[in-house]
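# Understanding the architecture of this molecule
Residue strings, one per chain:
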Amino acid sequence: MTMLAPISRAACIGGGVIGGGWIARFLLAGIDVSVFDPHPEAERIVGEVIANAERAYGLLTQAPLPARGQLVFCASLAEAVKGAEWVQESVPERLDLKHRVLAEIDAAAPATALIGSSTSGLKPSDLQQGLSHPGRLFVAHPYNPVYLLPLVEIVGGAATAPATIERAKAVLDAIGMKGVVIAREIEAFVGDRLLEALWREALWLIKDDICDVETLDDVIRYSFGLRWAQMGLFQTYRIAGGEAGMRHFLAQFGPCLQWPWTKLTDVVNLDEALVEKIGAQSDAQAAGLSIRELERIRDENLVGIVQALKAGRGGEGWGAGALLADFERRLLAGAPAPAPADPTAPLALVETRVSPAWIDYNGHMTEHRYLQVFGDTTDALLRLIGVDLAYVEGGHSYYTVETHLRHLDEARLGEELRTTCQILSVDEKRLHLFHRMFAGADRREIATAEQMLLHVDVAKGRAMPATDAVLARLRGLAAAHASLPAPAGAGRSVGGSR
Ligand SMILES: NC(=O)C1=CN([C@@H]2O[C@H](COP(=O)(O)OP(=O)(O)OC[C@H]3O[C@@H](n4cnc5c(N)ncnc54)[C@H](O)[C@@H]3O)[C@@H](O)[C@H]2O)C=CC1
Ligand SMILES: C[N+](C)(C)CC(=O)CC(=O)[O-]
């Protein structure tokens, strides 16, 4: 199985909104996680977060993720941190509580363990007070949902060792996250300093009856919220300066900063009336959707945004999408080539499951997902014959030039899918394949795909012979398949008899 992370064991202390997200993030990166959270329903809550995270990953990526890590709930903090290489503290935002919990972690965790705090705004130097080994403590401030949003602000305190920051960044990088090191510690770091300013203004706008919560959210999500997801603030404003760029933008809008456009640091009084006003408007806005339902809607939208960014800049990827593309490349590069049990039988290449987003209005797997799974089958065959990322980076690849898909039966939500591949013929440039897809425990055949691929020179976009090594592997497999009966559906045209 793929294993990218330089750690194999993490401990999460606190399994609420953020702890649950960290747990899912680590588990889905193949890391074993031990959890301590005294909440009587911690296991149920964490289980629901993990279920949402797995659903989101099923939509986010087809890359070969490592086998899920093992999850253990522990009866004590000391038991949870035993043997951990990374301990993540995510208990409520109270300095006294964090001090107590971090001191316990410090006393019980291995001396080499990294200790990250999820705090949203407490300074790491304050958290380090009284610890015996403060050099390994740092702030690892994530964003909700931790399993989908890749950013972690890494903030060191006065006593944090530089090696701690480097190791933390390397671990985050290995699990597909983006660790951004904040140069100097301040309360709330960078993200929450910005978010607090916006949040304070938003509360004033509601209190002063300028708008309701729905209008305020519309103003964000139909406008600058879309911009921020891909270019942030400064690059967006550079463009807003027109051809003269940022200098013109500053000259034009700089003076506005002196005008009464914001309430600045005035803090709204969150009295009972305002809490009730916001609460009622928020209830109306949710229109009966539960928090878990809202989470799933949010996750699907985030997946869509990240996937769009992955295709950004002409396919190179942009921002969080480029990060995902890079992570997927590493997962693919680290994935072992499939090893067929019996080379004289059609090659068993892909095992997957029908995920919720694959279901259409007819209540079964929608048609383009068949092509996706068959495409993954072809990719698995290519890895098997040595056409891996290094080969593609060397300037050669196979392109699919024709596919004939037949739908024979339906696949339902959650059903297991398995595919096989039979090699029909091979020559120097062409590769003729026949894939079959089976569903469920009864392994009923639900689809076939016949494909023709051409070996190409990627730079020239022209067909050329495959390398000797690739052809040798292919010809070995094709010879083994030569004695198999011709598949019933091979060579059919659309509308031909079944
Ligand atoms: N909710 C958010 O949007 C974000 C929160 N954070 C930070 O993450 C931390 C946790 O916040 P949330 O997850 O939102 O809170 P939460 O209230 O959802 O979860 C806190 C969890 O800690 C557990 N807990 C309490 N005392 C404990 C102890 N002594 N040992 C172990 N577990 C204990 C609670 O049972 C609860 O499950 C805070 O520092 C917060 O600032 C960071 C980023 C975003
Ligand atoms: C509200 N908050 C301060 C806990 C928010 C964060 O810390 C980050 C986030 O996910 O918005």
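Residues numbered from 1 in each chain as written. Chains lettered and ligands numbered in written order. Predicted model: local features only at pLDDT ≥ 70, side-chain atom pairs only at ≥ 80, totals over all residues. Heavy atoms only, no water.

### Brief notes about the site of ligand 2
Defined as follows: When at least one non-hydrogen atom of a residue lies within 4 Å of a molecule or strand, that residue is treated as near it. The term polar contact refers here to a pair of N or O atoms within 3.5 Å; inside protein, the definition further demands a hydrogen-donor-capable atom paired with an acceptor-capable atom, and it admits residues adjacent in sequence only when both atoms are side-chain atoms. The nonpolar class holds Ala, Val, Leu, Ile, Met, Phe, Trp, Tyr, Cys and Pro. Asp, Glu, Lys and Arg form the charged class, and all remaining residues, Gly among them, are polar.
If you check the shell around ligand 2, you find Ser120, His141, Tyr143, Asn144, Asp192 and Leu195 and nothing else. In the environment of ligand 2, an oxygen atom lies 2.7 Å from a nitrogen or oxygen atom belonging to the side chain of histidine 141. Asparagine 144 places a polar main-chain atom, nitrogen or oxygen, 3.0 Å from an oxygen atom of ligand 2. Tallied by class, the residues present in the shell around ligand 2 amount to 2 nonpolar, 3 polar and 1 charged.

### Concerning unusual backbone geometry
Formally: Here a strand is any run of E in DSSP of at least two residues, a helix any run of H or I of at least four, and the numbering for each starts at the N terminus.
Cis rather than trans, the peptide bond between asparagine 144 and proline 145 has omega equal to 5°. Residue placement: proline 145 occurs in the loop between strand 6 (137-142) and strand 7 (151-156). Located in the positive-phi region is aspartate 209, a residue other than glycine, with phi close to 55°. The residue aspartate 209 is located in the loop between helix 7 (191-207) and helix 8 (213-231) in this model. Here the phi dihedral of alanine 287 falls at roughly 50°; this positive angle occurs in a residue that is not glycine. Within the secondary structure layout, alanine 287 lies in the loop between helix 11 (272-286) and helix 12 (291-310).

### Here's the deal with the UniProt feature "binding site: NAD(+)" (unreviewed entry) in the protein
In plain terms, the rule: UniProt positions are given in the numbering used here, feature names are shortened, and annotations may be inferred rather than shown by experiment. Two residues qualify as a contact provided that any one of their heavy atoms is within 4.5 Å of a heavy atom in the partner residue.
UniProt records the feature "binding site: NAD(+)" (unreviewed entry) at Gly14, Gly15, Gly16, Val17, Ile18 and Gly19, using the numbering of this structure. In contact with glycine 16, not counting residues within four places along its chain, are Gly21 and Asp37. Residue position: valine 17 is located in helix 1 (residues 17-28).

### Considerations on the UniProt feature "domain: 3-hydroxyacyl-CoA dehydrogenase NAD binding" (unreviewed entry) in the protein
Here the UniProt feature "domain: 3-hydroxyacyl-CoA dehydrogenase NAD binding" (unreviewed entry) sits at residues 10-184. Overall, residues 10-184 shows 38% helix and 21% strand. The separation of its end C-alpha atoms is 27 Å.

### What to know about the sheet that holds strand 6
We count it as follows: Pairing between strands requires that DSSP locate at least two bridges from one strand to the other. Comment: axis = line fitted to C-alpha atoms, over the contacting stretch for helices; angle = value between 0 and 180 degrees taken between N-to-C directions.
Read across the sheet, 8 strands follow the order 3-2-1-4-5-6-7-8 without closing on themselves; strand pairing throughout is mixed. The sheet is open, and its two edges are formed by strand 3 (71-73) and strand 8 (178-181), each paired on a single side. Across the sheet, the mean angle from the axis of one strand to that of its neighbour is 25°, orientation sign disregarded. Pairing of strand 2 (residues 32-36) with strand 3, which is carried by 3 bridges, proceeds in the parallel orientation. Each bridged residue has a counterpart across the sheet, and for serine 34 the counterpart in strand 3 is valine 72.

### A look at the site of ligand 1
What counts, and what does not: Note that accessible areas follow from Shrake-Rupley with a 1.4 Å probe, and for residues the cover is restricted to the protein chains shown.
Of all residues adjacent to ligand 1, which total 22 residues, the nearest are Ile18, Asp37, Glu93, Lys98 and Ser120. The side chain of glutamate 93 places a nitrogen or oxygen atom 2.5 Å from an oxygen atom of ligand 1. Look at ligand 1: alone it shows 830 Å² of surface, and the protein chains cover 74% of it. Of the residues belonging to the shell around ligand 1, the class tally is 9 nonpolar, 10 polar and 3 charged.

### Examining helix 11
So the rule is basically this: How far a helix is expected to stretch is found by multiplying one less than its residue total by 1.5 Å. Accessible area is worked out with a 1.4 Å probe on protein chains only. A residue is then buried under 20% of its type maximum, exposed over 50%, and partly exposed in between. Taking the helix axis as origin, the arc is that swept by the directions to the C-beta atoms.
Spanning 15 residues, helix 11 covers 21 Å between terminal C-alpha atoms, matching the ideal 21 Å at 1.5 Å per step. Every buried residue of helix 11 is accounted for by Leu274, Ile278 and Ala286. What you see down the axis of helix 11 is that its buried residues fit within an arc of 100°, all on one side. Seen from the open side of helix 11, the exposed residues pointing more than 90 degrees away from its buried face are Glu272, Ala273, Glu276, Asp283 and Ala284.

### Here's the deal with the domain arrangement of the protein
How we decide: For the domains described, the bounds stem from an automatic or database domain assignment.
Here the protein is partitioned into domain 1 (9-189), domain 2 (192-288) and domain 3 (337-481). Once you take the C-alpha centre of each, domain 1 and domain 2 turn out to be 30 Å apart.

### A few points about the packing of aromatic side chains
What characterises a pair of aromatic rings is the spacing of the ring centres plus the angle enclosed by the ring planes. The condition is simple: Each pair of aromatic rings taken from Phe, Tyr and Trp, with Trp reduced to its six-membered ring, is defined by centres within 6.5 Å and is described as stacked if the planes are under 30 degrees apart, edge-to-face if over 60, and tilted in the remaining cases.
With the rule as written, the count across this model stands at 8 aromatic pairs. With a centroid separation of 4.4 Å and an interplanar angle of 25°, the aromatic rings of tyrosine 237 and phenylalanine 249 are classed as stacked. Of this pair, tyrosine 237 sits in helix 9 (residues 234-240) while phenylalanine 249 sits in helix 10 (residues 245-253), and the two are 12 residues apart along the sequence. Plain terms: the ring middles of phenylalanine 249 and phenylalanine 253 are 4.9 Å apart, the flat faces sit at 45° to each other, and that makes the pair tilted. Of this pair, phenylalanine 249 and phenylalanine 253 both sit in helix 10, 4 residues apart, which is roughly one turn of that helix. Residue phenylalanine 253 is classed as partly exposed on the basis of its relative accessible area, which comes to 33%.

### A look at the nonpolar core
Rule in force here: As used here, the term nonpolar core means buried Ala, Val, Leu, Ile, Met, Phe, Trp, Tyr and Cys residues forming a set that is joined through side-chain atoms within 4.5 Å.
In this structure, Trp22, Ile23, Phe26, Trp86, Phe138 and Tyr147 are the most contacted members of the largest nonpolar core, which totals 39 residues. Contributing elements (two or more residues each) for this core: strand 1 (9-13), helix 1, strand 2, helix 2 (42-60), strand 6, strand 7, helix 6 (162-174) and helix 12. The dominant element in this core, judged by the number of residues it contributes, is helix 2, at 8 residues. Leave out the neighbours within four places in its chain, and tryptophan 86 touches Ile7, Arg9, Ala10, Ala11, Phe26, Leu114, Gly116, Phe138, Ala140, Ala168, Val171 and Leu172. Within the second largest apolar cluster, 36 residues are counted, among which are Val354, Met365, Val373 and Ala449.

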